[in-house]
Amino acid sequence: MRVALLGSGRGSNAEAILRAKQNGQLDRVDIVGIFCDNPHAPLLKLGPRFGIPAFYLDPGPFKTKFSPEQESIWANTLLSQQVDLVVLAGFMRVIKTPLLDAFKDKIINIHPSLLPQFPGLDGIGQTWRAGSNEGGCTVHWVTDEVDSGQHLGQTRVLRENSDTLETFAEKIHAAEHVLLPKVIAELSIL
Ligand code: GRF
């Protein structure tokens, strides 16, 4: 299964996937590259570290969506790499046509909340501020509605009395780093 990682920032989820690959947990997966919409993202440094191509691709002038022209370029770039699965690993931009059409039922996303609760920006902060006694993360198929596709996996994280927003967030991120490689491994053996 040829997998493309799309991200925008820190890259801890992409790193977890690359480590899982190194550790032999993703034997049937080829990571073809990291595709990033932010030229300053720390994520880009993972390329040389893990020996895979990592590059910035212009998303166009908008903050949270692609321009139609640039989205076509992203779609064609991924198609030319014969990508079987697109993984949104901290990709902070909504996916619409033509990317969604080019990779129908082939794009997954990780979101830091127990969807359908708290979709959209800052899933952890939303969970925290709502006073929920648990949060977590969800991997789901990407559809044209944000954070709404069918779930592929979910991990619950308890909020303890001793937690601060920071420790709660750390636990949720740690859960993400286990869940996302696990779901990719499961998809690769279907
Ligand atoms: C993660 O919490 C992910 O769930 C959300 O954005 C964050 C990205 O973190 N979509 P990173 O870039 O993978 O470290």
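Scroll up to find the structure this text is about.
In this text the structure is predicted, and so the values were computed from the model without any measurement.

Engineer: Give me the site of the ligand: which residues, what numbers.
Structural biologist: Close to the ligand lie Arg-10, Gly-11, Ser-12, Asn-13, Gly-90, Ile-110, His-111, Pro-112, His-173 and Glu-176, which account for all nearby residues. The backbone of Gly-11 places a nitrogen or oxygen atom 2.8 Å from an oxygen atom of the ligand. One of the side-chain N or O atoms of Glu-176 is found 2.2 Å from an oxygen atom in the ligand. Compared with its free state, where it exposes 370 Å², the ligand has 88% of that area covered by protein.

Engineer: Please provide a residue-by-residue account of the nonpolar core, values included.
Structural biologist: Core analysis: the biggest nonpolar cluster contains 37 residues, and Leu-5, Val-87, Ile-108, Leu-180 and Ile-184 have the highest contact counts within it. When residues of this core are assigned to their parent elements, the largest contribution, nine residues, is made by helix H6 (residues 165-188). When neighbours within four sequence positions are excluded, Leu-5 is seen to be in contact with Ala-14, Ile-17, Leu-18, Ile-31, Gly-33, Ile-34, Phe-35 and Val-87. In this structure, Val-32, Leu-57, Leu-88 and Ile-95 belong to the second largest nonpolar core, which totals 19 residues.

Engineer: Account for the pairing of strand E2 (residues 30-36), with residues named and values stated.
Structural biologist: Counting buried residues along E2, six of its seven residues qualify, which places the element largely inside the surrounding structure. Two strands pair when backbone bridges link them, and strand E1 (residues 2-7) and E2 are joined in this way by six bridges, in the parallel orientation. Its bridge partner lying in E2, Arg-2 is registered against Asp-30. Crossover handedness for the path E1 to helix H1 (residues 12-22) to E2: right-handed. Of the pairings in the sheet, the one linking E2 to strand E3 (residues 54-56) comprises three bridges and is parallel in character. From the neighbouring strand, Phe-35 faces E3, where its bridge partner is Phe-55.

Engineer: So, the sheet that holds strand E4 (residues 85-88): which residues are in play, and what are the values?
Structural biologist: Ordered by their spatial adjacency, seven strands build an open sheet running E3-E2-E1-E4-E5-E6-E7, and the pairing between neighbours is mixed. Bordering the open sheet on either side are E3 and strand E7 (151-158), each of which pairs with just one other strand. In this sheet, adjacent strand axes meet at a mean angle of 20 degrees when their direction is disregarded. The sheet strands contacting H1 are E1, E2, E4 and strand E5 (107-111), and the helix crosses E2 at an angle near 165 degrees. Strands E1, E2 and E4 of the sheet are contacted by helix H3 (residues 68-80), whose axis makes an angle of about 165 degrees with E2.

Engineer: Can you tell me about H1, naming the residues and giving the values?
Structural biologist: A large share of H1 lies buried, amounting to eight of its 11 residues. For H1, the set of buried residues is Ser-12, Asn-13, Ala-14, Glu-15, Ala-16, Ile-17, Leu-18 and Ala-20. If you follow the buried residues of H1, they end up packed against E1, E2, helix H2 (46-50), E4, E5 and H6. Positioned one or two residues after H1, Gly-24 has a phi angle of 80 degrees, which is positive.

Engineer: Quick one: what's the story with H6, residue by residue and with numbers?
Structural biologist: Between the first and last C-alpha of H6 there are 35 Å, a value that for 24 residues agrees with the 34 Å anticipated at 1.5 Å per step. Every buried residue belonging to H6 is among Phe-168, Ala-169, Ile-172, Ala-175, Glu-176, Leu-179, Leu-180, Pro-181, Val-183, Ile-184, Leu-187 and Ser-188, and all of these are buried.

Engineer: Would you mind going over the environment of Gly-125 in detail, with residue names and values included?
Structural biologist: When you line up the elements, Gly-125 lands in helix H5 (residues 123-129). A relative accessible area of 4% places Gly-125 in the buried class. The spacing of Gly-125 and Gly-135 is 10 residues in sequence and 10.0 Å in space, taken between C-alpha atoms.

Engineer: Before we move on, can you summarise the packing of aromatic side chains with the specific residues and values?
Structural biologist: A complete count under the given rule lists five aromatic pairs for this structure. Aromatic rings pair up to connect Phe-66, Trp-74 and Phe-91 into one cluster. For Lys-65, the ring lying beneath its charged end belongs to Phe-62, and the centroid distance is 4.5 Å. The ring of Trp-128 is capped by Arg-159, whose NZ or CZ atom sits 3.6 Å from the centre of that ring.

Engineer: Before we move on, could you go through the pairing of E4 and cite the residues and values that matter?
Structural biologist: Of the two faces of E4, both are covered, the one formed by Leu-85 and Val-87 as well as the one formed by Val-86 and Leu-88. Note that E1 and E4 share four bridges and pair parallel. Its bridge partner lying in E4, Leu-6 is registered against Leu-88. For E4 and E5, the ladder comprises three bridges, and the chain directions are parallel. From the neighbouring strand, Val-86 faces E5, where its bridge partner is Ile-107.

Scoring rules and cut-offs
- Residues numbered from 1 in each chain as written.
- Predicted model: local features only at pLDDT ≥ 70, side-chain atom pairs only at ≥ 80, totals over all residues.
- Heavy atoms only, no water.
- Near = heavy atom within 4 Å.
- Polar contact = N/O pair within 3.5 Å; in protein donor to acceptor, adjacent residues only side chain to side chain.
- Areas by Shrake-Rupley, 256 points an atom, 1.4 Å probe, with all protein chains shown as cover.
- Core = buried A, V, L, I, M, F, W, Y, C linked by side-chain atoms within 4.5 Å.
- Buried < 20%, exposed > 50% of the residue type's maximum accessible area, 1.4 Å probe, protein only.
- Helix = DSSP H or I, 4+ residues; strand = E, 2+ residues; numbered from the N terminus.
- Contact = heavy atoms within 4.5 Å.
- Pairing = 2+ DSSP bridges.
- Right-handed = clockwise from strand over helix to strand, strands pointing away.
- Axes fitted to C-alpha atoms, helices over the stretch in contact; angles between N-to-C directions.
- Expected span 1.5 Å × (residues − 1).
- Phe/Tyr/Trp six-rings, centres within 6.5 Å; stacked < 30°, edge-to-face > 60°.
- Lys NZ or Arg CZ within 6 Å of the ring centre and 35° of its normal.

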